Amino acid sequence: MTVPLAPSLTLTNGVRVPLLGLGTWPMNDDEAAVTVAEALRLGYRHLDTAENYGNERGVGEGLRRAGLPREEVFITTKFNRQWHSVDGARQACEASLARLGVDYIDLLLVHWPNPDQGRYVEAFQGLVKLQEAGRVRAIGTSNFKPAHLQRLFDEGLVPHLNQIQLDPWHHRDDLLAIHHQKGITTGAWRPLGCGNAMLADPVITAIATAHARTPAQVVLRWIVQQGIIATPKSANPLRLAQNLDIFGFTLSPAEMAALDTLDRPDPDMLDADSFGH
Ligand code: A2P
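Here is what the cut-offs are and how they apply
- Within any chain, residue numbers begin from 1 and follow the written order of that chain's sequence.
- Selection of residues for local features in this predicted model requires a pLDDT of at least 70, selection of side-chain atom pairs for listing and counting requires 80 or more, and totals for whole chains, interfaces and linings are taken over all residues.
- Hydrogens and water are ignored here; the side-chain numbers use all heavy atoms of the structure.
- In this analysis the probe radius is 1.4 Å and the grid spacing 1 Å, with only protein atoms considered; a cavity is a set of points the probe fits into but cannot get out of, a pocket is an open set with protein on both sides within 12 Å along at least five of seven lines, and lining residues have an atom within 4 Å of a point.
- Grid points are joined across faces, edges and corners, and a volume is the space filled by probe spheres set on the points.
- The numbering of helices and of strands both runs from the N terminus, where a helix is a DSSP run of H or I of at least 4 residues and a strand a run of E of at least 2.
- In short, DSSP must find at least two bridges between two strands for them to pair.
- For helices, the axis comes from a line fit to the C-alpha atoms of the stretch in contact; other axes are also lines fit to C-alpha atoms, and the angle between any two N-to-C directions lies between 0 and 180 degrees.
- Comment on the angle field: the value is read as roughly parallel under 35 degrees, roughly antiparallel over 145, roughly perpendicular from 65 to 115, and oblique elsewhere.
- Crossing handedness is defined as follows: a turn of the near helix away from the far one that is anticlockwise and smaller than a right angle gives a left-handed crossing, while the clockwise case is right-handed.
- Contacts are residue-level and defined by heavy atoms, with any inter-residue pair within 4.5 Å sufficient.
- Throughout, the ten residues Ala, Val, Leu, Ile, Met, Phe, Trp, Tyr, Cys and Pro are labelled nonpolar, Asp, Glu, Lys and Arg are labelled charged, and all others, Gly among them, are labelled polar.
- In this text, near means that some heavy atom of the residue lies within 4 Å of the molecule or strand in question.
- As used in this structure description, the phrase polar contact means that two N or O atoms lie within 3.5 Å; if the pair is within protein, one of them must be able to donate a hydrogen and the other to accept it, and residues adjacent in sequence are counted only when both atoms belong to side chains.
- The Shrake-Rupley method, run with a 1.4 Å probe sphere, supplies the accessible areas, and residue values consider only the shown protein chains as cover.
- A molecule is counted as occupying a cavity or pocket when more than half of its atoms fall within 2 Å of that pocket's grid points.

(A) Here's a closer look at the layout of surface pockets. In this structure, the largest pocket spans a volume of roughly 780 Å³. If you trace the largest pocket, you find 35 residues lining it, with W25, P26, W189, R190 and K233 closest to the centre. Considering each element in turn, the lining of the largest pocket owes the most residues, three residues, to helix α9 (residues 237-244).

(B) Main features of the sheet that holds strand β10 (residues 229-230). Ordered in space as β3-β4-β5-β6-β7-β8-β9-β10, the eight strands form an open sheet in which the pairing is parallel. Across the chains shown, the open sheet's two edge strands, defined by having one partner strand only, are β3 (22-23) and β10. By the bridge criterion, four bridges tie strand β5 (residues 74-79) to strand β6 (residues 105-110) in an arrangement that is parallel. What sits directly across from T76, in β6, is L107.

(C) Examining the packing of helix α3 (residues 86-100) against helix α4 (residues 120-132) more closely. At their nearest, the axes of α3 and α4 sit 7 Å apart, and the two run at 55 degrees to each other. By the angle between their directions, the pair α3 and α4 is classed as oblique. Relative to α4, α3 is oriented so that their crossing is right-handed. For the pair formed by α3 and α4, the contact residues are V86, A89, R90 and C93 on the first element and E122, A123, Q125, G126, L127, K129 and L130 on the second. For the contact of α3 with α4, a count of residues per class yields six nonpolar, two polar and three charged.

(D) The site of the ligand, seen in detail. Close to the ligand lie W25, R190, L192, L199, A216, K233, S234, A235, N236, R239, Q242 and N243, which account for all nearby residues. Contact between the ligand and A235: an oxygen atom at 2.8 Å from a main-chain N or O atom of the residue. Its free accessible area being 570 Å², the ligand has 75% of it covered by the protein chains. Mapping the ligand onto the cavity grids shows that it belongs to the largest pocket. With three residues, the single largest contributor to the shell around the ligand is α9.

Structure representation (structure tokens):
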């Protein structure tokens, strides 16, 4: 089985990113190699990894096993707090390139702002230099809250993308408004929620039944239909295919609006002011 390729959207610097990608946390190298090769065979063209996932070697191995030309696959990775300096970003990038076994990265992100350390502006300045040097095609942040983005804006810096936890139970409307205003593309991590609770939400299951789709497909469709990039993780070939197969149906305005009502407080949500690595 193969699934048609996902459509792409264009970042402010003209780089095109497939709207649906493969999340790889918490796969180890061996799982990532097998799953990435299978995902690319199915039709995935966007892979999301990170230094902290410990699986960049496996992601690179899966890419080689699939045998696709490098330029047909979009690779996102992220670096940890110890590299939050201009030269640190360069070292982190070189290390990721070596582990992945590629000679450029499509999108490199500061993984968490780590405001206690207070060096994410320098980390981002390092990303700007890497983009100028052609080692990365686009640059961004992950888990940045409005105040963290504002510090970048104050220095004249704007990420191409901010990847955040986002799903129907976690809307992040404050961030989406800022992203929209500044032309920052939004990426959604953990788009299927934590555990299976959200996928059993009766509003989601009713819409899924109406479209003869699964709850996961409805959630992913709700995300990409807003022009937000989703990177769901699955290690299961059937669910991998299902998660990519979301571009053949459309949610109505009323269905989108119904999903928009599901936001709720989450006391367990990771807070980038206190959590980071
Ligand atoms: P599996 O790999 O067995 O498919 P996260 O978004 O935090 O990475 O979590 C994704 C979780 O959702 C994984 O446990 C994954 O399990 C599961 N999952 C992925 N795709 C689907 C799907 N289409 N339906 C239900 N669960 C899914």
